[in-house]
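Descriptive structure summary
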Amino acid sequence: MSCKSYLRSWSSSCPGSIYSISDLRILKAIGISANNCRAPRITQVLWLLPIYPFIKVNTDRLSKGNPGEAACGGVFRDHSGKFLGAYAVSLGHNTSFYAEIMAIIYAINQAAQRGWKFIWLESDSQAALSCLLDHSYKPPWCIYNEWINCHFLLSQISFYCSHIFREGNQVADSMANVGLSCPTFTWFAYPPAQIKEILFKNRWGFPNFRFS
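Residues numbered from 1 in each chain as written. Predicted model: local features only at pLDDT ≥ 70, side-chain atom pairs only at ≥ 80, totals over all residues. Heavy atoms only, no water.

This next bit is on the overall build of the protein. When helices and strands are counted, the protein shows 7 helices and 10 strands. A compact globule built from 212 residues should have a C-alpha radius of gyration of about 17 Å, whereas the protein, at 23 Å, is more than 25% larger. When its C-alpha atoms are laid out on the principal axes, the protein stretches across 75 × 40 × 30 Å. Out of the 212 residues in the protein, the part that is buried amounts to 43%. At a minimum sequence separation of 6, the contacts of the protein that also span at least 24 residues come to 69%. As displayed, the protein offers around 11,900 Å² of accessible surface, 58% of which is attributable to carbon and sulfur atoms. (Helix = DSSP H or I, 4+ residues; strand = E, 2+ residues; numbered from the N terminus. Rg over C-alpha atoms; globule rule 2.2 N^0.38 Å. Buried < 20%, exposed > 50% of the residue type's maximum accessible area, 1.4 Å probe, protein only. Contact = heavy atoms within 4.5 Å. Areas by Shrake-Rupley, 256 points an atom, 1.4 Å probe, with all protein chains shown as cover.)

Quick look at the structure:
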């Protein structure tokens, strides 16, 4: 009874949230006013095809802990959604942000090596994209030279970058997971089994949904 009295005294300023009928019954039993939960906002997330002659690369990272065991990966596709190649690599014990930056560096290096001059880079990391566009950003000293070279390579091509929610970046996320088992940089000329279904859905415009 003492507990009920204490809870009731706070119920006007801190109403209980209802997630189910059982929650409502419990709240009524102890005399606490109920507060209906806000319905989730559903956002449709689509992976968009690049316009010819652009080639689109989606990048992502994986970090089991921050810092923790890290890896990154990326996937290149053309204006028809055709798979052009992918990469994955383990990055040892590192931070999540370091892995995001390395995913971008590897993507630009691979595009340059293959002579691709029109690149659209897409990532689910707003922070990494902001650093890429901010020429005053100073990366960690261990990747400083790679970062400077990345910007030099960008000056030689037509380049565009954009943010996508993680729900639309699943193909790159899967490649980052593949990277955990790739101790050295690995290029995939054919799509690994883990991403074939996602590639199909992206190519034919199947939507993903984000709940917030």
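With that out of the way, let us pick up the pairing of strand β7 (residues 118–123). In terms of residue burial, β7 counts as a mostly covered element, since 5 of its 6 residues are buried. Inspection of the sheet shows strand β4 (residues 55–65) paired to β7 by 5 bridges, in the parallel sense. Each bridged residue has a counterpart across the sheet, and for N58 the counterpart in β7 is E122. Sheet topology places β7 next to strand β8 (residues 158–163); 6 bridges connect them, and they run parallel. Within β8, the position partnered with I119 by the bridge is F159. (Pairing = 2+ DSSP bridges.)

Time to look at the side chain of K56. Relative to the assigned elements, K56 resides in strand β4. Looking at K56, the relative accessible area reads 0%, which means it is buried. Only 3.0 Å separates the side chain of K56 from the side chain of E122, close enough to count as a polar contact. If we ignore the near neighbours within four places in the chain, the residues touching K56 are W47, L48, P50, V75, F76, R77, W120 and E122. (Polar contact = N/O pair within 3.5 Å; in protein donor to acceptor, adjacent residues only side chain to side chain.)

Further remarks concern a nonpolar patch on the surface. A contiguous nonpolar patch, built from I42, F209 and F211 and spanning about 340 Å² of accessible area, is present on the exposed surface. Within the secondary structure, I42 is located in strand β3 (residues 42–45). (Patch = residues over 30% accessible without salt bridge, like charges linked within 9 Å, V, L, I, M, F, W, Y side chains within 5 Å. Salt bridge = Lys/Arg side-chain N within 4 Å of Asp/Glu carboxyl O.)

This next bit is on the sheet that holds strand β5 (residues 68–77). Sheet architecture is open: 6 strands sit in the order β8-β7-β4-β5-β6-β9, paired in mixed fashion. Unpaired on one side and paired on the other, β8 and β9 (186–188) mark the two borders of the sheet. When strand polarity is set aside, the average angle formed by the axes of neighbouring strands in this sheet is 20 degrees. Most of the contacts of helix α6 (residues 170–179) go to β5, to which it runs at about 130 degrees, and overall it touches β4, β5, β6 (83–94) and β9. (Axes fitted to C-alpha atoms, helices over the stretch in contact; angles between N-to-C directions.)

Take the environment of N58 next. Mapped onto the elements of the fold, N58 is located in strand β4. Considered as a pair, N58 and S162 are 104 residues apart in the sequence and their alpha carbons are 9.7 Å apart. Reaching out from N58, the side chain makes a polar contact with the side chain of W47 at a distance of 2.8 Å. A distance of 3.3 Å separates a polar atom in the side chain of N58 from a polar atom in the side chain of R77.

Compared with the 26 Å implied by 1.5 Å per residue over 18 residues, the 26 Å span of helix α3 (residues 96–113) between its first and last C-alpha is a close match. When you tally the buried positions in α3, you get 14 out of 18 residues, the bulk of the element. G115 sits one or two positions beyond α3 and adopts a positive phi of about 70 degrees. (Expected span 1.5 Å × (residues − 1).)

The next subject is unusual backbone geometry. The amide bond that connects Y52 to the next residue, P53, takes the cis arrangement and shows omega of 10 degrees. Along the chain, P53 falls in the loop between β3 and β4. In this model, N66 is joined to P67 through a cis peptide bond whose omega is 10 degrees. Residue placement: P67 occurs in the loop between β4 and β5.

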